[in-house]
Amino acid sequence: MRSLPLLLPLLLLAAAASSPAPAAEARAAFACAPGEPATSLPFCNRSLPLHARASDLVSRLTRAEKVRLLVNNVAGGVPRLGVAGYEWWSEALHGVSDAGPGVAFGGAFPGATAFPQVLGTAAALNASLWERIGQAVSDEARAMYNGGQAGLTFWSPNVNIFRDPRWGRGQETPGEDPTISSRYAVAYVRGLQQQQSSSSSTSNPGLKVAACCKHFTAYDLDQWGGTDRYHFNAIVSLSPQDLEDTFNVPFRACVTAGNVAAVMCSYNQVNGVPTCADEAFLKGTIRGEWGLDGYIVSDCDSVDVFFNDQHYTRTAEDAAAAALRAGLDLDCGQFLSLYTEPAVAERKLTDADVDAAVTNTVTVQLRLGLFDGDLATGPYGHLGPKDVCTPAHQQLALEAARQGIVLLNNDDKHGGLPLRAAAHRTVAVVGPHADATVAMIGNYAGKACRYTTPLQGVAGYVEQAVHAAGCADVACAGAEQPVAAAVDAARHADATVVVAGLDQKVEAEGLDRSSLLLPGRQAELISAVAKASKGPVIVVLMSGGPIDIAFVQNDPRIAAILWAGYPGQAGGQAIADVVFGKHNPGGKLPVTWYPEDYLQKVPMTNMAMRANPASGYPGRTYRFYTGPTVYPFAHGLSYTRFTHTLAHAPAELTIRLGAAAAATSSSLLDTPHSGAAVRVADARCEGLTVPVHVDVRNVGGRDGAHTVLVYHSAAAAAAAEGGAPARQLVAFEKVHVAAGGVARVDVAVDVCEGMSVADRDGVRRIPVGEHRFVIGEITHTVTLGVEELGV
């Protein structure tokens, strides 16, 4: 039995796709169009450098006009100069979303392509896929902007480290690993922004849309155990190395490698200082050390929060002054519009502080072309309704969902996956997510173009797909749940697919979990169905966070387990394609799956990454946790098997010192503990890499994609004395290998970035001596030496 996917109204989409009218007709020019009052002024002169244009505009504003530009929602802009109001807050976490007021669906834009939630896409471990998704989202964003239904400043991606398995927003992130999170951030930002050189300034390339990496920093608690994100003080002062080698790593990559246009500071305090009032963080680290060429925005109402909830300052004017002096440029909220002028009048703030903030935001608007007159004549003016929900974008959403599915268990010798349609003609599809639609797209999602549910996906492969939910919803609570009907369906089917898991009523923004177990009676449902089914039972899990499913692992009647994350609008088709073997799964878990008792040992409020055996604290993530797991980080099976052979990697490498370090023996070798090391600041890092060439052979009977994971372990002394990770992923590449074939994968491990260790003071050092690389079954040792003085 085959079933068509659910669709948004087809007539709306067809009309949008065939409309010949330019989308830009729906939006008036932002500024500097012919006939506007400021057309002849320098800020409208596209031949001038962007900084000169921004400075000219700011110089023409009154203090009151500048203050109105410090908040996300500008009621009137500056009409006397032709500057219209602009809403800064739009969202595009995994597709254009109406989670912010800058986006509105309807009319010619009834929906947008809903890609898988970020954690699921991260499981694909495919940087080119991440960038392609960003490009597709930016097409749809620009199209909706041209049609007057979106902004151009999108506060995405979320690159916080998924530190604790209970975090409700962990689903929005690329996972627990700094290397994956960094590479995801760079790829997605590049895809969104698609920077173009402009004639007026090659140092400030034009932007398709402006991305924003959030939420800086150490933000990963929403509501847990009586503590909420508005009042939480993340104490990391006892271990600055956690900021250096964990929390700040993706943000640094976002700015330095991704050239992101914005960074968002978070609600929480770090070591007693609100991040949005921390000058050392905002001016010192983000703009000074990393060189942000863009603006810094608060999480919404963060300035209000640190005044009214955290009581960080005595007066509201002090709060406004603290934020702007620290380097905040834009307030998501109205606080700065109310209290900045009084703060200047009371000399707690200067006009120069206000000018600096407005100049930063105006410069980004210039890069977006908002002061270039009619954007319909620009490089993206042609984009309109026909470019949203295109067949190509929807196919990409399906491919992303397929690539992100992780095969956790598979008893392929006793009726496991893949199923065969010829042998499994009747399949029972049961569980609370069996016919899921909106639940598949997670949070910060928009309105999908269409949905293909798991039930519909399976129905496309078999003669009969029998649906019996077994649970009224994900909570699955109470005696009246229809478990018996699901059991009966399984009893008469050739195979059973149970689609279970979590949803936004269990894990979400503002909602952290208190348990890692499946909610309510879901475990009972799965066990009862497994006992009754006459054919193989496949358990498919949808969730944003890890789940303790030890009971499923230990049930010999369950043939296979899949994790699908929140797989987006095409999730049901992707699941069916994996279950029936059209797609060979290659996803890897981007987070560790802990047992339930882990929660008793680790308060969410404890920010320490490293284990403390003396106190019984087990540490966090695969880099520092050594206890038992339900599934380890990067676990994921395939329908085929791959082996690795090291084709080339050096056994020795010499670190050369910079001129200043080489001039004095005291800075040659630094020995903070017992192992010799070179400060990264003293090394000549440019071009200092370890080339690693690996041959991947597919020794199974099916074509498949495989991710080569390169782990690094530092010299023993650094690990023992300096708290280095037990192992750290430093490189990964995905490759497709035909059955019986072999493919070469070449990676270059950056010595200063990938082989350095953050000491307890947060200083990065490269240990001298033996370093190990582990790649599948291969272990390779590289000895790092240092050049002799005078050479």
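Residues numbered from 1 in each chain as written. Predicted model: local features only at pLDDT ≥ 70, side-chain atom pairs only at ≥ 80, totals over all residues. Heavy atoms only, no water.

The name an unreviewed UniProt entry assigns to the protein chain is Fibronectin type III-like domain-containing protein, from the organism Urochloa decumbens. Under the Subcellular location (unreviewed entry) heading, UniProt states for the protein chain: "Secreted". (UniProt positions renumbered as here; feature names shortened; annotations may be inferred.)

Enquirer: Please clarify how the overall build of the protein chain should be interpreted in this entry.
Expert: Looking only at helices and strands, one finds 24 helices and 27 strands in the protein chain. Seen through its principal axes, the protein chain has C-alpha atoms that stretch 80 × 75 × 50 Å. Expressed as a percentage of the 791 residues in the protein chain, the buried residues total 62%. A fraction of 78% describes how many contacts in the protein chain between residues 6 or more apart in sequence connect residues 24 or more apart. Side chains of the protein chain give 60 positive and 76 negative charges; the mean places of these two sets differ by 4 Å. (Helix = DSSP H or I, 4+ residues; strand = E, 2+ residues; numbered from the N terminus. Buried < 20%, exposed > 50% of the residue type's maximum accessible area, 1.4 Å probe, protein only. Contact = heavy atoms within 4.5 Å. Lys, Arg positive; Asp, Glu negative; His and termini not counted. Charge placed at Lys NZ, Arg CZ, Asp CG, Glu CD.)

Enquirer: Where do I start with the packing of aromatic side chains in this structure?
Expert: The geometry of an aromatic ring pair comes down to the distance between the two centres and the angle between the two planes. Evaluated as defined, the whole model comprises 24 aromatic pairs. Seen from their ring centres, F216 and W290 are 5.8 Å apart, and the 90° between their planes marks the pair as edge-to-face. Here F216, found in strand 2 (residues 213-216), pairs with W290, found in the loop between helix 9 (279-289) and strand 9 (295-298); they are 74 residues apart in sequence, far enough to count as distant. Taking relative accessible area as the criterion, F216 reaches 0% and is therefore assigned buried. (Phe/Tyr/Trp six-rings, centres within 6.5 Å; stacked < 30°, edge-to-face > 60°.)

Enquirer: Just checking my understanding: could you explain the layout of surface pockets for this structure?
Expert: Gaps left between atoms are located by rolling a probe of water-molecule size over the structure's atoms. Taken as a whole, the largest pocket encloses approximately 900 Å³ of empty space. Top element by residues in the lining of the largest pocket is helix 6 (residues 178-193). It accounts for 7 residues. When its residues are assigned to classes, the lining of the largest pocket shows 18 nonpolar, 7 polar and 11 charged. Around the second largest pocket, the lining comprises 24 residues; the ones closest to its centre are K588, A634, H635, G636 and H706. Of all the secondary structure elements, the ones that give two or more residues to the lining of the second largest pocket are strand 17 (642-648), strand 21 (704-713) and strand 26 (769-775). Residues of the lining of the second largest pocket, tallied by class, amount to 11 nonpolar, 10 polar and 3 charged. (1 Å grid on protein atoms, 1.4 Å probe; cavity = no way out; pocket = protein on both sides within 12 Å on 5 of 7 lines; lining within 4 Å. Points joined across faces, edges and corners; volume = space filled by probe spheres on them. Nonpolar A, V, L, I, M, F, W, Y, C, P; charged D, E, K, R; others polar.)

Enquirer: Even after reading the chapter, I still don't get the packing of helix 5 (residues 127-146) against helix 6, so can you show me in this structure?
Expert: For any two helices packed against each other, one specifies the inter-axial angle together with the distance between the axes. Running from amino to carboxyl end, helix 5 crosses helix 6 at an angle of 35°, the nearest separation of the two axes being 7 Å. For the element pair helix 5 and helix 6, the recorded crossing hand is right-handed. Across the interface between the two elements, A127, W130, E131, I133, G134, Q135, V137 and S138 of helix 5 pack against I180, R183, Y184, A187, Y188, R190, G191 and L192 of helix 6. Split into classes, the residues belonging to the contact of helix 5 with helix 6 amount to 9 nonpolar, 4 polar and 3 charged. (Axes fitted to C-alpha atoms, helices over the stretch in contact; angles between N-to-C directions. Left-handed = near helix turned anticlockwise from the far one by under 90°.)

Enquirer: Honestly, the side chain of S97 in this entry has me stumped. Any pointers?
Expert: Here S97 shows up in the loop between helix 3 (63-68) and helix 4 (118-122). Classification of S97 as buried rests on a relative accessible area of 0%. Among residues more than four places away in sequence, those in contact with S97 are E91, V103, F105, Y444, A445 and G446.

Enquirer: Mind showing me how you'd approach helix 19 (residues 571-579) here?
Expert: Because an α-helix completes one turn every 3.6 residues, residues spaced three or four positions apart along the sequence face the same direction. The buried count for helix 19 comes to 8 of 9 residues, which makes it a mostly enclosed element. The set of residues buried in helix 19 consists of G571, G572, A574, I575, A576, D577, V578 and V579. Buried positions along helix 19 lie against helix 14 (391-404), helix 15 (454-459), strand 15 (537-542) and strand 16 (558-563). Among the residues trailing helix 19, G581 stands out with phi positive, at a value near 85°.

Enquirer: How should the state of the cysteines be read in this particular structure?
Expert: Think of a disulfide as a covalent bridge from one cysteine sulfur atom to another cysteine sulfur atom. Under the definition given, this model contains 7 disulfides. Disulfide pairing places C300 opposite C332 at an S-S distance of 2.0 Å. Sign of the S-S torsion, about 75° for the bond between C300 and C332, identifies this disulfide as right-handed. In this pair, C300 is assigned in the loop between strand 9 and helix 10 (302-308) and C332 in the loop between helix 11 (316-326) and helix 12 (335-345), connecting sequence segments 32 residues apart. For the pair C300 and C332, a shared accessibility class is recorded, and that class is buried. The partner cysteine of C471 in its disulfide is C476, sulfur to sulfur 2.0 Å. Between C471 and C476 the disulfide shows an S-S torsion of about -65°. By sign, it is left-handed. Side by side, C471 and C476 carry an identical accessibility label, which is buried. (Disulfide = S-S within 2.5 Å.)

Enquirer: Would you mind going over the sheet that holds strand 19 (residues 677-679) with me for this structure?
Expert: Hydrogen bonds along the backbone pair up the strands of a sheet, which may run parallel or antiparallel. Spatially, 19-25-24 is the arrangement adopted by the 3 strands of the open sheet, whose pairing is antiparallel. Looking at strand neighbours, the two that pair on one side only are strand 19 and strand 24 (757-758), the edges of this open sheet. Pairing of strand 24 with strand 25 (residues 764-767), which is carried by 2 bridges, proceeds in the antiparallel orientation. Bridge pairing links A758 to R764 in strand 25. (Pairing = 2+ DSSP bridges.)

Enquirer: Looking at this model, I keep getting lost on the nonpolar core. Mind explaining?
Expert: Nonpolar side chains tend to gather and get buried jointly when the protein is soluble and globular. Counting 220 residues, the largest nonpolar core has W155, F371, I549 and W593 as its most contacted members. Sorting elements by how many residues they give to this core places helix 5 first, with 10 residues. Setting aside anything within four residues of it in sequence, one finds I549 in contact with L408, L518, L541, I561, W593, V630 and Y631. With 32 residues, the next largest nonpolar core counts V694, V708, V749 and L784 among its residues. (Core = buried A, V, L, I, M, F, W, Y, C linked by side-chain atoms within 4.5 Å.)

Enquirer: I would appreciate a short explanation of the pattern of salt bridges in the present structure.
Expert: Side chains bearing opposite charge may pair, as long as their charged atoms lie close to each other. A full pass over the atoms with the stated rule returns 39 salt bridges. The partner of E524 in a salt bridge is R521, with the nearest N and O atoms 2.8 Å apart. According to the relative accessible area criterion, E524 is partly exposed, its value standing at 40%. If you follow the salt bridges from partner to partner, you end up with R169, E172, D222, R229 and E509 in one network. (Salt bridge = Lys/Arg side-chain N within 4 Å of Asp/Glu carboxyl O.)

Enquirer: Explain the packing of helix 14 against helix 19 here, please?
Expert: In contact at an axis separation of 8 Å, helix 14 and helix 19 are set at 50° when each is read in the N-to-C sense. Judged on the interaxial angle alone, helix 19 and helix 14 are oblique. Judged by the sense of rotation from one axis to the other, the crossing of helix 14 with helix 19 is right-handed. Across from L398, A401 and R402 in helix 14, the residues of helix 19 making contact are Q573, A574 and D577. Among the residues forming the contact of helix 14 with helix 19, the class breakdown is 3 nonpolar, 1 polar and 2 charged. (Parallel < 35°, antiparallel > 145°, perpendicular 65-115°, else oblique.)

Enquirer: Is there a simple way to think about empty space enclosed by the protein in this case?
Expert: This structure, assessed with the given rule, holds 4 cavities of 30 Å³ or more. Considering only enclosed or pocket space, the largest cavity measures out at about 110 Å³ in volume. F30, L69, V83, V362 and Q365 are the residues nearest the centre of the largest cavity, which is lined by 16 residues in total. Ranked by residues supplied to the lining of the largest cavity, first place goes to helix 13 (residues 351-367) with 4 residues. For the lining of the largest cavity, a count of residues per class yields 12 nonpolar, 4 polar and no charged. As a volume, the second largest cavity reaches approximately 40 Å³. Together, F162, R163, D164, P165, E176, P546, V591, T592, Y594 and T621 line the second largest cavity.

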